[in-house]
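Single-letter residue listing:
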Amino acid sequence: FASLIFISSYGQEKVDAASTNAIKKQGLENSKVMDIAFQLTDVSGPRLTNSPGYFKAANWAVAELKKWGLTNAALEPWGEFGKSWELKKSYIALTAPYYRPLIGFPKTWTKGSGGLKHAEIILVKASDSAALEAYRGKLKDKVVLLYRNDTLKQSFKADATRRTDESLEKMANATPPAPDTSRRRMVRGMATMASRLKNMATTDGAIAILSMSPRGVDGTLFVQGGGSYAGKDPENILDIMLAMEDYMSLVRLANSGYPVKLDVDVETEFSSKDLKGYNVVAEIPGTDPVLKD
């Protein structure tokens, strides 16, 4: 969301019950919260920092704050952030051994595919850097898929549950478990392998890399940044986050020896015209004559 920072100056004064009641009535019976949320989300779209969507929402907020009577409403730079990024088009589908649209979304600050590409998947099965070297020079014009053997664990519990007094007390008295150092090492190892694979794919000229998060079950995607957004850094290779179910389906097909092909058509746009980040600020003028001076 566009940040709204209100700077208010006021003096000590008696409580005005009538004004307080009027404010309560306005909030409870004539709230504009849903209208504001609609403008900032549905109308403005994604609001990645420094993106066109962010500035659309931020400029709307500035105009709206002026309508409300606030003073000095403006976009205030807080320092250098980095490049702007916008997703213009996204399409990915399985085309062999049969056609099926895939649930996927490009990671932010990654480049596009350069038009519609009909590409084969290459399954990378490497547990260390030495094994990874065997794939060097083989990734050109391929979509890279890193082998994983995650198991989807279905849950039959309700998404939301009400806590009992007993469960809350148990949580309050719980002792934090000892750090799972083995899992931390495994996660760091996977991150290192993925980083090396990304560098190799970039050098070889791969079309894209596919990613997956085991948190994203039932078609849910958890999409984060795909690399650096600093002003002078090169564009990152296209990295598409797939739903776990689709990712593991591709792994099983490729691992069984079937030729797997995809259609990929992603268009993104970077801009380094303005590298600064901005907040939306406005002031509520006070009424105390001493403070106003």
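Calculation notes
Residues numbered from 1 in each chain as written. Predicted model: local features only at pLDDT ≥ 70, side-chain atom pairs only at ≥ 80, totals over all residues. Heavy atoms only, no water. Helix = DSSP H or I, 4+ residues; strand = E, 2+ residues; numbered from the N terminus. Expected span 1.5 Å × (residues − 1). Buried < 20%, exposed > 50% of the residue type's maximum accessible area, 1.4 Å probe, protein only. Salt bridge = Lys/Arg side-chain N within 4 Å of Asp/Glu carboxyl O. Phe/Tyr/Trp six-rings, centres within 6.5 Å; stacked < 30°, edge-to-face > 60°. Lys NZ or Arg CZ within 6 Å of the ring centre and 35° of its normal. Core = buried A, V, L, I, M, F, W, Y, C linked by side-chain atoms within 4.5 Å. Contact = heavy atoms within 4.5 Å.

**Student:** Can you walk me through helix α7 (residues 244-255) in this structure?
**Tutor:** An α-helix turns once every 3.6 residues. As a result, residues three or four positions apart point the same way. Taking 1.5 Å as the rise per residue, α7 with 12 residues should run 16 Å; its terminal C-alpha atoms sit 16 Å apart, in good agreement. With 9 of its 12 residues buried, α7 lies for the most part within the structure. Among the residues of α7, Met244, Asp246, Tyr247, Met248, Ser249, Leu250, Val251, Leu253 and Ala254 are the ones counted as buried. Just downstream of α7 lies Gly257, where phi reads positive at about 100°.

**Student:** I would appreciate a short explanation of the pattern of salt bridges in the present structure.
**Tutor:** Close approach of charged atoms lets side chains of opposite charge pair. Scanning the model with the defined rule gives 10 salt bridges in all. The residue Glu64 makes a salt bridge to Lys67 at a minimum N-O spacing of 3.8 Å. With Glu64 and Lys67 both in helix α3 (residues 52-67), this residue pair falls 3 residues apart, about one helical turn. By relative accessible area, which is 66% here, Lys67 ends up exposed. The residue Asp239 makes a salt bridge to Lys198 at a minimum N-O spacing of 3.2 Å. Note that Asp239 is positioned in strand β9 (residues 239-242) and Lys198 in helix α6 (residues 181-204), a separation of 41 residues in sequence. Judged by relative accessible area, which is 2%, Asp239 ranks as buried.

**Student:** What exactly am I supposed to notice about the packing of aromatic side chains here?
**Tutor:** Two aromatic rings, taken as a pair, are described by how far apart their centres are and by the angle between their planes. Across all of its chains, the model carries 6 aromatic pairs by this definition. Between Trp78 and Phe81 the ring centres are 6.4 Å apart and the planes differ by 75°, which places this aromatic pair in the edge-to-face class. The exposure class assigned to Phe81 is buried, which follows from its relative accessible area of 16%. When the ring of Phe81 is compared with that of Tyr229, the centres are 4.5 Å apart and the planes differ by 15°; the resulting orientation is stacked. With Phe81 in the loop between β2 (71-80) and β3 (84-96) and Tyr229 in the loop between β8 (208-212) and β9, this residue pair connects regions lying 148 residues apart in the sequence. A cation over an aromatic ring shows up here: Lys125 above the ring of Tyr147, its NZ or CZ 4.8 Å from the ring centre.

**Student:** Explanation requested: the nonpolar core in the structure shown.
**Tutor:** The tendency in soluble globular proteins is for nonpolar side chains to be buried as a group. Within the largest apolar cluster, 41 residues are counted, with the highest numbers of intra-cluster contacts made by Ile121, Leu139, Val144, Leu210, Tyr247, Leu250 and Leu262. When contributions to this core are tallied by element, the ones reaching two or more residues are β3, β6 (117-124), β7 (142-146), α6, β8, β9, α7 and β10 (261-271). With 7 residues, α7 is the largest single contributor of residues to this core. Once you skip the residues sitting within four places of it in the chain, Leu250 turns out to touch Leu94, Leu102, Ile121, Leu145, Leu210, Leu242, Val260 and Leu262.

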